[in-house]
Amino acid sequence: MDWATIGSMSTPPVCDYEGSDYQREFWENADRAYEDAAEGLALSQLLPAQGAHLLELGAGAGRNTPRYTGFERITLLDYSTTQLKQAREKLGDSPRYRYIAADVYRLPFGPGSFDAATMIRTLHHLADPRLALQQVRACLTGDGVFILEFANKRNLKAILRYAAGRQHWNPFSREAVEFVKLNFDFHPDSVKEILQDCGFEIRRQISVSYLRSGLLKRMLPLRAMTAMEAALQRAFSWSAYSPSIFLLARASGDQAPTAAQYTLRCAACGQHPLADTPPLISCPSCSRGYPVADGIYDF
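Residues numbered from 1 in each chain as written. Predicted model: local features only at pLDDT ≥ 70, side-chain atom pairs only at ≥ 80, totals over all residues. Heavy atoms only, no water.

## Remarks on the overall build of the protein
Let me state the cut-off plainly: A helix here means a DSSP run of H or I that spans at least four residues, while a strand means a run of E at least two residues long, and both kinds are numbered starting from the N terminus. Using C-alpha atoms as the atom set, the radius of gyration is obtained and then compared with a globule rule of 2.2 Å times the number of residues to the power 0.38. Here the term buried applies to any residue with accessible area under 20% of the maximum for its type, exposed to any over 50%, and partly exposed to those in between, with areas from a 1.4 Å probe on protein chains only.
Within the protein, the regular secondary structure consists of 9 helices and 12 strands. Relative to the compact-globule value of 19 Å for 299 residues, the protein shows a C-alpha radius of gyration of 19 Å, a close match. With the principal axes as the frame, the protein shows a C-alpha extent of 60 × 35 × 35 Å. Looking at the 299 residues of the protein, the share that counts as buried comes to 51%.

Have a look at this one:
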């Protein structure tokens with residue numbers, strides 16, 4: 001979909017974490033050290049050893065950002081300025097990091113701006129994943145790497161509940177299920193199909209968080225659970241029956257591989273490149289202005 005079409009349409013609603021203390025409430029105070037460690041294991045297997053510029057979509061408060069050690073620069077993107085302020089407090093003012101508040105359906109970057117991107121615990125909030133992933137592909141280089149995590153509809157717990165008549169939706173059907181407003185579980189085959197339609201070639205799959213259970217967390221130390229998780233990821237990732245799935249994909253198509261060249265794009269009309277002139281980024285085409293305050297670019 002071209003920018004003329006996107007600029008004239010109303011994009012889907014976005015799950016907004018503005019004003020929330022998601023990092024502390026969901027991660028630090030809710031006993032999710034195992035889930036964090038499990039995701040870290042998957043990322044350690046999928047991340048390139050090095051790269052120029054990584055786009056972290058749905059970066060939140062920067063929980064995963066320190067794991068991207070091989071990249072020279074990292075752009076953290078989130079819809080919420082609150083989350084980005086927390087990330088900046090955590091990571092600091094290093095020129096290695098850039099903080100962008102923007103809508104994933106209107107990414108403010110020119111073509112080939114990044115040689116890698118990640119989207120973790122974000123797709124499950126997207127009512128139109130295809131439109132979002134088209135935007136991601138458009139700002140990657142011709143051979144860019146994309147690591148995508150999604151909530152798996154066809155997980156073992158859902159299958160057992162469905163078989164026992166305790167769940168009305170079918171975990172094997174291809175359509176997404178919205179179990180809470182703007183919270184979706186996706187079938188693995190559907191996500192792979194969308195990725196391929198958007199210009200990605202899938203290279204690897206890792207099933208994550210098989211041990212996501214309050215009982216197990218109370219019974220077992222984190223070190224033991226992490227060791228068991230590593231073994232399960234090695235043995236059963238082919239099955240894709242875990243609550244969370246990580247996919248490694250590469251940009252494909254006719255676009256030749258090039259070095260990442262970061263440029264800004266107007267989120268309203270698509271004009272690019274825009275001059276990077278804080279404290280205000282101005283679009284010469286539609287006269288739209290985007291402020292930069294406290295180190296955060298607000299698109």
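## Examining the state of the cysteines
Here, the word disulfide means a covalent bond between the sulfur atoms of two cysteines. Note the following rule: Note on terminology: disulfide denotes any pair of cysteine sulfur atoms within 2.5 Å.
In the structure shown here, the tally under the stated rule is 0 disulfides. For the unlinked cysteine C139, the closest cysteine sulfur is that of C198, found at 12 Å.

## Quick word on the environment of K181
Note on placement: K181 falls in the loop between β6 (177–180) and β7 (183–185). Spatially, the C-alpha atoms of K181 and A127 are 9.7 Å apart, while their sequence positions differ by 54 residues.

## Quick notes on the packing of aromatic side chains
Centre distance and the angle of the planes are the two values used to describe a pair of aromatic rings. Just so we agree on the cut-off: Only Phe, Tyr and Trp rings are paired, with Trp represented by its six-membered ring, and only when their centres lie within 6.5 Å; those with planes under 30 degrees apart are stacked, over 60 edge-to-face, the remainder tilted. Note on criteria: charge over ring means Lys NZ or Arg CZ within 6 Å of the ring centre, with the direction from the centre no more than 35 degrees off the ring normal.
Counted by the stated rule, this structure contains 8 aromatic pairs. Measuring from ring centre to ring centre gives 4.9 Å for F109 and F114, while their planes differ by 90°; the resulting arrangement is edge-to-face. Here F109 and F114 have matching classes, each one buried. A cation over a ring is seen here: R32 above F26, with NZ or CZ 3.7 Å from the ring centre. Over the aromatic face of Y262 sits the side chain of R73, whose NZ or CZ is 5.6 Å from the ring centroid.

## Observations regarding unusual backbone geometry
Between H272 and P273 the backbone carries a cis peptide bond, its omega angle lying at -5°. Mapped onto the elements, P273 comes out in the loop between β9 (244–251) and β10 (280–282). Even without glycine at this site, L182 takes up a positive phi of about 55°. At S287, a position not held by glycine, the phi torsion is positive, near 70°. Secondary-structure assignment places S287 in the loop between β10 and β11 (289–293).

## Observations concerning the pairing of strand β3 (residues 97–101)
Note the cut-off: A clockwise path from the first strand over the helix to the second, with the strands pointing away from the viewer, defines a right-handed crossover. Two strands are counted as paired when DSSP detects at least two bridges linking them.
The buried count for β3 comes to 5 of 5 residues, which makes it a mostly enclosed element. Residues Y97, Y99 and A101 line one face of β3 and the alternating positions R98 and I100 line the opposite face, and both faces are buried. For the crossover that starts at strand β2 (residues 71–78), traverses helix α4 (residues 81–91) and ends in the parallel β3, the hand is right-handed. Relative to strand β12 (residues 296–298), β3 runs parallel, the two being bridged by 3 bridges. Within β12, the position partnered with A101 by the bridge is D298.

## A look at a nonpolar patch on the surface
As a reminder of what qualifies: Nonpolar side chains (Val, Leu, Ile, Met, Phe, Trp, Tyr) within 5 Å and like charges within 9 Å form the patches, drawn only from residues with over 30% relative accessible area and no salt bridge. What sets the accessible areas is the Shrake-Rupley method with a 1.4 Å probe; for residues, cover comes only from the shown protein chains. When a carboxyl oxygen of Asp or Glu is within 4 Å of a side-chain nitrogen of Lys or Arg, the pair counts as a salt bridge.
A cluster of nonpolar side chains, namely L156, L160, F172 and Y241, defines an oily patch on the protein surface of about 390 Å² accessible area. Mapped onto the elements, L156 comes out in helix α6 (residues 156–163). The class for L156 is partly exposed, based on a relative accessible area of 47%.

## Remarks on the nonpolar core
One recurring pattern in soluble globular proteins is that nonpolar side chains are buried together. Applicable threshold: Throughout this description, the term nonpolar core refers to a set of buried Ala, Val, Leu, Ile, Met, Phe, Trp, Tyr and Cys residues connected via side-chain atoms within 4.5 Å. Every residue pair with non-hydrogen atoms within 4.5 Å of one another is taken to be in contact.
Ranked by internal contacts, the top residues of the largest apolar core, which has 46 residues, are L57, F109, M119 and F146. Setting aside its immediate chain neighbours within four residues, F109 contacts L55, T75, L77, I100, F114, C139, Y262, T263, L264 and R265. Counting 29 residues, the second-largest nonpolar core is a separate cluster that includes A42, L43, V145 and I206.

## With respect to the side chain of E39
Here E39 is to be found in helix α3 (residues 33–46). On the accessibility criterion, E39 (1% relative accessible area) is buried. Those residues in contact with E39, other than ones at most four positions away along the chain, are W27, R63, N64, I120, R121, V208 and F246.

## Some thoughts on the pattern of salt bridges
Two side chains with opposite charge may pair up if their charged atoms get near one another. On inspection of all chains with the given rule, the structure shows 12 salt bridges. Across the pair D21 and R24 runs a salt bridge whose closest N-O atoms are separated by 2.2 Å. With a relative accessible area of 21%, D21 lands in the partly exposed category. Overall, the relative accessible area of 42% leaves R24 in the partly exposed class.

## What about the packing of helix α5 (residues 129–138) against helix α7 (residues 188–197)?
Put simply, the rule reads: The convention used is that axes are lines fitted to C-alpha atoms, helices contributing only their stretch in contact, and that angles between N-to-C directions extend from 0 to 180 degrees. An angle below 35 degrees is read as roughly parallel, one above 145 as roughly antiparallel, one from 65 to 115 as roughly perpendicular, and any other as oblique. With the far helix as reference, a near helix turned anticlockwise by less than a right angle produces a left-handed crossing, and one turned clockwise produces a right-handed crossing. All amino acids are sorted into three groups, where Ala, Val, Leu, Ile, Met, Phe, Trp, Tyr, Cys and Pro are nonpolar, Asp, Glu, Lys and Arg are charged, and the leftover types, Gly among them, are polar.
Across the interface, α5 lies against α7 with an axial gap of 9 Å and an inter-helix angle of 40°. Considering their axes alone, α5 and α7 lie oblique with respect to each other. For the element pair α5 and α7, the recorded crossing hand is right-handed. Seen from α5, the contacting residues are P129, R130 and L133; seen from α7, they are I194, L195 and D197. Within the contact of α5 with α7, the residues separate by chemical class into 4 nonpolar, no polar and 2 charged.

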